[in-house]
Amino acid sequence: MMAEASLPSCGPESLTHLLLRIRPSSGASVTGTTGALRLESNLPHLVTVSTGLDFGINIFTLKEGMTRFGLADCEDEPQDVELEGSGIDPEHCIAEHVIEMDDTLQQLAEVVYLHPIGDCYVNTTLVEDSVKLKQGDVVQLGEDILLRFNHPTAALRMKQLGLELPLQPAVLHSAAQRRQLEERSKARQLAADRQREQAEALKESQKNEEARAMAELREVLEQETRKREEWEELHRIQREAEMAEQERLLQEQRDDLERQRLNADEIRRAAEEAQREVELERERAAAQRAEAAEIARQRDEELEKNRKEQEEIRMHHMRLASIDEARRKAESRKAELEARHAADASRKASGGMYMNRLIILHERFEPCHAHFKSMFILLVSSGVKPDQNGCFVNVV
């Protein structure tokens, strides 16, 4: 974060033999000829202003972000630029390099803010709040470090716009200002001592308060321990009593279960006996059903046999009735034919042989069905005569 070029104390005639130390990452460069030396940097930077017998020149480049200035032995946070001098605090100030809108140039530009922590003067004015540095501002840190702020980009733009480059006098404070600064430093030191004493007293008070609180806490813990022990003893007694009561109840339950088991055995035996009786009853009922079924079967067979016999008798009676009916019809027809033949006897006296044959045919067809008999009688009565063998020929 710092580009440093140190010039040892010497005259102008030996400038070509100066020893320069510049970090490569600082953005600074050295140009020059015999008898002249030019240090350049494109980044905003602070350049030490030689005063008194100190001819050394340092260039502190300010890259984007924070650049911390302070003592080398700062314990809180490492410093980017380590300073040595009267009135320098461990954390003295912070230079913040940001990019924002520049009111003068009316465009985005690189801007550097100085955030004071210790005593910082800008153009001989003590600053207590953050301040934006401008090209040519003179910054004093502590009592004897005097720096000039250079902003190459802003300076170039101001030249292009025709603006004047301000140049502040590089002077340290007067003796009165130094005395005032020393008094302020002593006052700060006294305030810091008082704060330290108060902090030590507060720490001692806190330590005593913590010791008292620890003692009270130990007493409370001892009381809680005793209470817990008493509670555990009471709980143990209650637990033992509950366990004894539970054991008694379990024994009673076991006795009840044993009695129930005996009763269950008796009930099971009675149930088995009843089951056997039921099985016997079922067997007897099955035997009775089988016997009843056999009796019913025999009765059905007897009824079927009687039915068949009655059917045969009915059929026999029907056949007999049919035969009687046929006989009666034949006799009636015979009587009718005989009456008709007797009436025609006188008309057919010459047909005696014919009647004999008719009688013969009638006797021949007597066993035949009445239908055939009726046909025969109808043919004869119609004048159709059989041949000599008793047959009807060519009957349509």
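No experiment lies behind these values; they were computed from the predicted model shown.

Analysis parameters
In this numbering scheme, every chain counts its residues from 1 along its sequence in written order. Selection of residues for local features in this predicted model requires a pLDDT of at least 70, selection of side-chain atom pairs for listing and counting requires 80 or more, and totals for whole chains, interfaces and linings are taken over all residues. Values reported for side chains reflect all heavy atoms of the structure, with hydrogen atoms and water molecules removed beforehand. Only runs of H or I of at least four residues qualify as helices and only runs of E of at least two qualify as strands under DSSP, and these elements are numbered from the N terminus. Summary of the burial criterion: residues with accessible area below 20% of their type's maximum are buried, those above 50% are exposed, and those between are partly exposed, where the area comes from a 1.4 Å probe applied to protein chains only. For the accessible areas, the method is Shrake-Rupley and the probe is 1.4 Å, while residue cover comes only from the protein chains on display. At least two bridges found by DSSP between two strands is the condition for calling them paired. Angles run from 0 to 180 degrees between N-to-C directions of axes, and those axes are lines fitted to C-alpha atoms, restricted for helices to the stretch in contact. Counted as salt bridges are all cases of a side-chain nitrogen of Lys or Arg within 4 Å of a carboxyl oxygen of Asp or Glu. Any pair of Phe, Tyr and Trp rings, taking the six-membered ring for Trp, is counted once the centres come within 6.5 Å. Such a pair is stacked with planes under 30 degrees apart, edge-to-face with planes over 60 apart, and tilted for the rest. A patch consists of residues exposed above 30% relative accessible area that lack any salt bridge, with like charges linked at up to 9 Å and nonpolar side chains (Val, Leu, Ile, Met, Phe, Trp, Tyr) linked at up to 5 Å. When we speak of the arc, we mean the arc of directions from the helix axis to the C-beta atoms. Counting rule applied: Lys, Arg positive; Asp, Glu negative; His and chain ends not counted. Confidence scores per residue from the predictor, reported as pLDDT, run from 0 to 100. We call two residues in contact when some of their heavy atoms are within 4.5 Å. Note on terminology: pairs of cysteine sulfur atoms within 2.5 Å are recorded as disulfides. Take the buried Ala, Val, Leu, Ile, Met, Phe, Trp, Tyr and Cys residues and link them wherever side-chain atoms come within 4.5 Å; each set so joined is a nonpolar core.

Let's shift gears to the overall build of the chain. Assigned secondary structure in the chain consists of four helices and 13 strands. For the chain, the residues scored as buried account for 20% of the 396 residues in total. With an accessible surface of roughly 28,500 Å², the chain has 54% of that area assigned to carbon and sulfur atoms.

What follows covers the sheet that holds strand S3 (residues 45-48). Within the open sheet, the six strands sit side by side as S4-S3-S13-S12-S9-S10. Their pairing is antiparallel. If you trace the sheet from one side to the other, it starts and ends with strand S4 (59-61) and strand S10 (125-127), each paired once. With direction set aside, neighbouring strand axes in the sheet form an average angle of 30 degrees. Where strand S9 (residues 120-122) and strand S12 (residues 138-141) come together, three bridges link them in antiparallel fashion. Bridge assignment links Val122 to a residue of S12, and that residue is Val139.

A few words on the pattern of salt bridges. Scanning the model with the defined rule gives 25 salt bridges in all. Arg261 is paired through a salt bridge with Asp265; the nearest N and O atoms lie 3.3 Å apart. Here the residue Arg261 and the residue Asp265 both occupy positions in helix H2 (residues 175-343), the gap between them amounting to four residues, near one helical turn. Among the residues examined, Arg261 registers a relative accessible area of 41% and is labelled partly exposed. Residue Asp265 is classed as buried on the basis of its relative accessible area, which comes to 15%. Linking Arg333 and Glu336 is a salt bridge whose minimum nitrogen-to-oxygen distance equals 3.1 Å.

With that out of the way, let us pick up the packing of aromatic side chains. Following the criterion strictly, the structure yields one aromatic pair and no others. Ring centres of Phe60 and Phe69 lie 6.2 Å apart, and the angle between their planes is 80 degrees; this geometry places the pair in the edge-to-face category.

A contiguous nonpolar patch, built from Ile99, Met101 and Leu108 and spanning about 310 Å² of accessible area, is present on the exposed surface. A residue is classified by how much of its surface remains accessible, and Met101, at 45% relative accessible area, is partly exposed.

For the rest of this paragraph, the subject is helix H1 (residues 152-161). Restricting attention to buried positions, one finds in H1 the residues Ala154, Ala155 and Met158. Down the axis of H1, the buried side of the element spans an arc of 100 degrees, and every buried residue falls inside it. Away from its buried face, by an angle of more than 90 degrees, H1 presents the exposed residues Leu156, Lys159 and Gln160. Phi for Gly162, located one or two positions after H1, is positive at around 80 degrees.

Of the two faces of S3, the one carrying His45 and Val47 and the one carrying Leu46 and Thr48 are both buried. The pairing of S3 with S4 spans three bridges and is classified as antiparallel. For Leu46, the partnering residue across the bridge sits in S4 and is Phe60. Judged from the four bridges that link them, S3 and strand S13 (residues 145-150) form a sheet pairing that is antiparallel. Its bridge partner being in S13, Leu46 is matched across the sheet by Phe149.

Attention now goes to unusual backbone geometry. Despite not being glycine, Asn123 has its phi angle at roughly 55 degrees, a positive value. As for its position among the elements, Asn123 is in the loop between S9 and S10. With phi around 65 degrees, Thr124 is a residue other than glycine that occupies positive phi space. Mapped onto the secondary structure, Thr124 falls in the loop between S9 and S10.

Before going further, it helps to spend a moment on the side chain of Arg148. Residue position: Arg148 is located in strand S13. Asp137 provides the closest opposite charge to the buried, unpaired Arg148, separated from it by 7.8 Å.

What follows is about the sheet that holds strand S6 (residues 81-82). Consider a sheet: its strands pair through backbone hydrogen bonds, and that pairing is either parallel or antiparallel. Pairing in this open sheet of five strands is mixed, and the strands run S6-S5-S7-S8-S11 from one edge to the other. Of all strands in the sheet, those bounded by a partner on one side alone are S6 and strand S11 (131-132). As defined by bridge partners, strand S5 (residues 65-70) adjoins S6 across two bridges and the pair is classed as parallel. Note on S6: the bridge partner recorded for Phe69 is Val81.

A separate point is the confidence of the model for the chain. When pLDDT is averaged across the chain, the result is 77; 70% of the residues are at 70 or more. Mean pLDDT across the elements of the chain ranges from a minimum in helix H3 (residues 352-364), with 52, to a maximum in S11, with 93. Within the model, pLDDT remains below 50 along residues 1-25, and this stretch shows 57 contacts once partners closer than five positions in the same chain are excluded.

So, about the state of the cysteines. In a disulfide, the sulfur atoms of two cysteines are covalently bonded to one another. Using the criterion set out here, one finds zero disulfides in the structure. Considering cysteine sulfurs only, Cys120 is the nearest to Cys93, which forms no disulfide, with 4.4 Å between them. By relative accessible area, which is 0% here, Cys120 ends up buried.

In summary, soluble globular proteins display a tendency toward joint burial of nonpolar side chains. Counting residues in each nonpolar core, the largest one holds 20 residues, and the members touching the most others are Phe69 and Leu141. Elements represented by at least two residues in this core include exactly strand S7 (91-102), strand S8 (107-116), S9, S12 and S13. When residues of this core are assigned to their parent elements, the largest contribution, three residues, is made by S13. Contacts of Phe69, omitting those with residues within four sequence positions, involve Leu46, Phe60, Leu62, Gln79, Val81, Leu83, Glu91, His92, Cys93, Ala95 and Leu141.

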